Amino acid sequence: MPELPEVETIVRRFRPRLLRKRIAGFEASWPRQISPSVARVRRAVCGRRILELARRGKLIVIHLDDGSALLLHLKMSGRLAWVDRSGVRLPEPHERARLIMQGGERLLFCDARKFGRIRHVRDVEAALDALGPEPLSAGFDAARLLRMLGERRRRIKPLLLDQAFVAGLGNIYTDEALFRAGLHPLRRACDLDPNEVRRLRRAIRSVLRDGIRRCGTSIDWIYPGGRMQDYLRVYGRAGEPCPRCGTPIQRIMAGQRSTHLCPRCQPP
DNA sequence: CGCCATGTTAGAGG
DNA sequence: TCCTCTAACATGGC
């Protein structure tokens, strides 16, 4: 799935089309993806105006004019598509749900694997509070990260993938951040010294900003248009020489996820 | 056919 | 409580 930079790119692209639009209909062909139910979401959103389109972690947040919101999670293979007033379009494969605007424009939710979710929530703040801090926000400072890491014994890689710890990192950007910080993915969080924590924070923020600047990472047909794949230094490069020291990049498993690292630049 | 995949979560067990 | 692992969700590409 899209990680933070891909979701941010999607939100920026769709915001101008959705802002101030009034919703006239909602349909879904795979009801398990819709919460609390297709009928209840339809009742909740029809007639509402879209006030804002935002991102929180990997969630797309569609704020409505009654204070409620639609939360879209693309998971592994979700994708958005847009149908304008003319209705002319190529057939979108794996279309699972659509939000119909007054005037006929449509936001399509497409998802080959059906892991994606659409949720309508009345208490938006409560729903978003389940996530950890935004890594690009001012509140994500070194002192706070040091405190957060200090009370965790987990290995750093699975901890960074935990959305309740920090929101938005996925498998690609976590490996890239740990490489930039020179930290081994299996290090225990509480063992990192203040200097290493500062490096980690800088690495996370710089790799996410670079990802956004490149419009995200495109490594298959699910998410086209990004350029960050050309700037990844370890992810998907097992066996290739480390760009910094030439040592072959290693691929190991960490928390059931494939993990890429330079054994020399990221010593255990 | 077997293995892999940018994600998350429930449940079991240490 | 905390952490780790497995299975599950469901499909497509290699």
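Please refer to the structure placed before this passage.
Just so it is clear, the model here is predicted, and its values are computed rather than measured. (Residues numbered from 1 in each chain as written. Chains lettered and ligands numbered in written order. Predicted model: local features only at pLDDT ≥ 70, side-chain atom pairs only at ≥ 80, totals over all residues. Heavy atoms only, no water.)

Peer 1: How do you make sense of helix H4 (residues 142-150) when you look at a structure like this?
Peer 2: An α-helix turns once per 3.6 residues; consequently, residues spaced three or four apart project the same way. Those residues of H4 not exposed but buried are Leu145, Met148 and Leu149. Around the axis of H4, the buried residues are gathered within 95 degrees of arc, so they sit on the same side. Residues Ala143 and Arg147 are exposed on H4 and point more than 90 degrees away from its buried face. Measuring from the side-chain oxygen of the N-cap residue of H4 to the backbone nitrogen of Ala143 gives 3.2 Å; that N-cap residue is Asp141. (Buried < 20%, exposed > 50% of the residue type's maximum accessible area, 1.4 Å probe, protein only. Helix = DSSP H or I, 4+ residues; strand = E, 2+ residues; numbered from the N terminus. Arc of directions from axis to C-beta. Polar contact = N/O pair within 3.5 Å; in protein donor to acceptor, adjacent residues only side chain to side chain.)

Peer 1: Even after reading the chapter, I still don't get the side chain of Arg187, so can you show me in this structure?
Peer 2: Along the chain, Arg187 falls in the loop between helix H6 (171-181) and helix H7 (194-213). A relative accessible area of 18% means that Arg187 is categorised as buried. Those residues within four positions of Arg187 in sequence are excluded, and the remaining contacts are Arg154, Arg155, Ile156, Leu192, Glu196, Pro267 and Pro268. (Contact = heavy atoms within 4.5 Å.)

Peer 1: So what exactly am I meant to see when it comes to the protein's contact with DNA strand C here?
Peer 2: In the region of DNA strand C, 14 residues are neighbours, and Ala112, Arg113, Lys114, Arg153 and Gln256 sit closest. The sugar-phosphate share of atoms of DNA strand C within 4 Å of the protein amounts to 67%. Note that a phosphate oxygen of DNA strand C is positioned 3.0 Å from one of the side-chain N or O atoms of Arg32. Residue Arg113 places a side-chain N or O atom 2.6 Å away from a base nitrogen belonging to DNA strand C. (Near = heavy atom within 4 Å.)

Peer 1: Would you explain the pattern of salt bridges in this entry?
Peer 2: Close approach of charged atoms lets side chains of opposite charge pair. Summed over the entire model, instances satisfying the criterion amount to 17 salt bridges. Among the salt bridges present, the one from Glu134 reaches Arg55, with a minimum N-O distance of 2.9 Å. With a gap of 79 residues between them, Glu134 in the loop between helix H3 (124-128) and H4 and Arg55 in strand S3 (residues 50-56) connect regions that are remote in the sequence. Comparing Glu134 with Arg55 shows no difference in burial state: the two are buried. Of the charged contacts, one joins Glu95 and Arg89 as a salt bridge, the two residues approaching to 3.3 Å between their closest N and O atoms. Classification of Glu95 as buried rests on a relative accessible area of 18%. (Salt bridge = Lys/Arg side-chain N within 4 Å of Asp/Glu carboxyl O.)

Peer 1: Teacher, can you tell me more about the packing of H4 against H7 here?
Peer 2: The axes of two packed helices give the description: the angle between them and the distance between them. Where H4 meets H7, the closest approach of the two axes is 9 Å, and the angle between their N-to-C directions is 115 degrees. Of the possible angle classes, the one that applies to H4 and H7 is roughly perpendicular. Both H4 and H7 take part in a crossing whose hand is right-handed. Residue-level inspection shows Ala142, Leu145, Leu146 and Leu149 of H4 in contact with H7, the latter providing Pro194, Val197, Arg198, Leu200 and Arg201. Per-class residue counts for the contact of H4 with H7 are seven nonpolar, no polar and two charged. (Axes fitted to C-alpha atoms, helices over the stretch in contact; angles between N-to-C directions. Parallel < 35°, antiparallel > 145°, perpendicular 65-115°, else oblique. Left-handed = near helix turned anticlockwise from the far one by under 90°. Nonpolar A, V, L, I, M, F, W, Y, C, P; charged D, E, K, R; others polar.)

Peer 1: Honestly, the pairing of strand S8 (residues 106-111) in this entry has me stumped. Any pointers?
Peer 2: Along any regular strand, the residues point their side chains to alternate faces of the sheet. Of all six residues in S8, five are buried, a share of seventy percent or more. Inspection of the sheet shows strand S6 (residues 78-83) paired to S8 by six bridges, in the antiparallel sense. Bridge pairing in S8 links Trp82 to Leu107. In terms of strand pairing, strand S7 (residues 95-101) meets S8 through five bridges, oriented antiparallel. By the bridge assignment for S8, Ile100 is matched with Arg106. In this structure, the hairpin formed by S7 and S8 is closed by a connection of four residues, where Gly103 is found at a positive phi of approximately 110 degrees. (Pairing = 2+ DSSP bridges.)

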